[in-house]
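# Structural overview
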Amino acid sequence: MLAGLPPQYEIALAPANDDTLTYTVDTPVTDILYLAHDAGIIPALTQAEAVVRSIRSVNIVWSSCDEAGFVRRLYQRLEKLYYRFNRRVDVSCCLVEDAKDDEQGEALLKSNEEYEEGVPDYVAGMWAVVCGPTRFAQRTRGYLVNTRGYPEGAVCVLPS
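These remarks concern the structure in this document. (Residues numbered from 1 in each chain as written. Predicted model: local features only at pLDDT ≥ 70, side-chain atom pairs only at ≥ 80, totals over all residues. Heavy atoms only, no water.)

This brings us to unusual backbone geometry. A negative phi angle is the norm for most residues apart from glycine, just as the trans form is the norm for most peptide bonds. Residue Asp38 is not a glycine yet carries a positive backbone phi of 50 degrees. For Asp38, the position within the fold is in the loop between β1 (31–37) and α1 (41–51). (Helix = DSSP H or I, 4+ residues; strand = E, 2+ residues; numbered from the N terminus.)

Bringing the pairing of β1 into the picture now. For β1, the buried fraction is high: seven of the seven residues fall into the buried class. Here β1 shows no split at all, with Asp31, Leu33, Leu35 and His37 on one side and Ile32, Tyr34 and Ala36 on the other all buried. As judged from the seven bridges shared by β1 and strand β2 (residues 57–64), these two strands associate in the parallel manner. The residue of β2 that forms the bridge with Ala36 is Trp62. This β-α-β element, β1 to α1 to β2, shows right-handed connectivity. In terms of strand pairing, β1 meets strand β4 (residues 126–132) through six bridges, oriented parallel. (Buried < 20%, exposed > 50% of the residue type's maximum accessible area, 1.4 Å probe, protein only. Pairing = 2+ DSSP bridges. Right-handed = clockwise from strand over helix to strand, strands pointing away.)

Within the open sheet, the five strands sit side by side as β3-β2-β1-β4-β5. Their pairing is parallel. The outermost strands of the open sheet, each flanked by one partner alone, are β3 (89–95) and β5 (155–159). Sheet twist, expressed as the mean angle between neighbouring strand axes with direction ignored, is 15 degrees. Sheet topology note: the β4/β5 ladder contains five bridges and is parallel. When the bridges of β5 are listed, Gly132 appears paired with Pro159. Contacting β2 and β3, helix α2 (residues 72–84) runs over the sheet at an angle of about 150 degrees to β3. (Axes fitted to C-alpha atoms, helices over the stretch in contact; angles between N-to-C directions. Contact = heavy atoms within 4.5 Å.)

On the surface, Arg53, Lys80, Arg84 and Arg88 cluster together into a patch of positive charge. Take Lys80: it is sitting in helix α2. (Patch = residues over 30% accessible without salt bridge, like charges linked within 9 Å, V, L, I, M, F, W, Y side chains within 5 Å. Areas by Shrake-Rupley, 256 points an atom, 1.4 Å probe, with all protein chains shown as cover. Salt bridge = Lys/Arg side-chain N within 4 Å of Asp/Glu carboxyl O. Lys, Arg positive; Asp, Glu negative; His and termini not counted. Charge placed at Lys NZ, Arg CZ, Asp CG, Glu CD.)

Examined against the element boundaries, Arg148 turns out to sit in the loop between α5 (134–146) and β5. With a relative accessible area of 11%, Arg148 lands in the buried category. Once residues within four sequence positions are removed from consideration, Arg148 is found in contact with Glu116, Val119, Pro120, Asp121, Tyr122 and Tyr143.

Okay, the nonpolar core next. Core analysis: the biggest nonpolar cluster contains 25 residues, and Ile32, Tyr34, Val58, Ile60 and Leu81 have the highest contact counts within it. Of all the secondary-structure elements, those providing two or more residues to this core are β1, α1, β2, α2, β4 and β5. Ranked by residues supplied to this core, first place goes to α1 with five residues. Beyond its immediate chain neighbours, meaning those up to four positions away, Leu81 contacts Leu45, Ala48, Glu49, Val52, Ile60 and Val89. By size, the runner-up hydrophobic cluster in this structure holds 17 residues, among which are Leu35, Val96, Tyr115 and Val119. (Core = buried A, V, L, I, M, F, W, Y, C linked by side-chain atoms within 4.5 Å.)

All right, on to the environment of Leu81 then. Structurally, Leu81 is set in helix α2. C-alpha separation for the pair Leu81 and Val52, spaced 29 residues apart in sequence, amounts to 9.1 Å.

Any link to function would need more than the numbers given here.
Here's what the structure looks like:
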């Protein structure tokens, strides 16, 4: 169904609990950034696979506090998506330090070179979807809004 939509067509995604993921910025969605931590890659990857043909670009940043967080089977699925749509999909896998609180967590994200390179600054039409544990989601939302220039309405959080 999504594959038949024209480029720059507006879309809305809904998680299993029927809460609508809201995007409240006045420009249509043309690019989606998924920021996933550990198992948060599952909903991010599933959504990315569903919309990749319908939008201009998909950027996936998958982080973990240790290498074991990058589950091999999921990594292979992510790699397959990248190779199939390499002109539309950008992928980064980053090791991040665990933080005691949101302020420290935001500072750690800012100081992580791999994370900084993987996360683009906001441009009109970009929608950021954060997938992962509540603590990760809160500090990542703050990082996007305070550091990367994302409006609140262009950041959606799917805590796990």
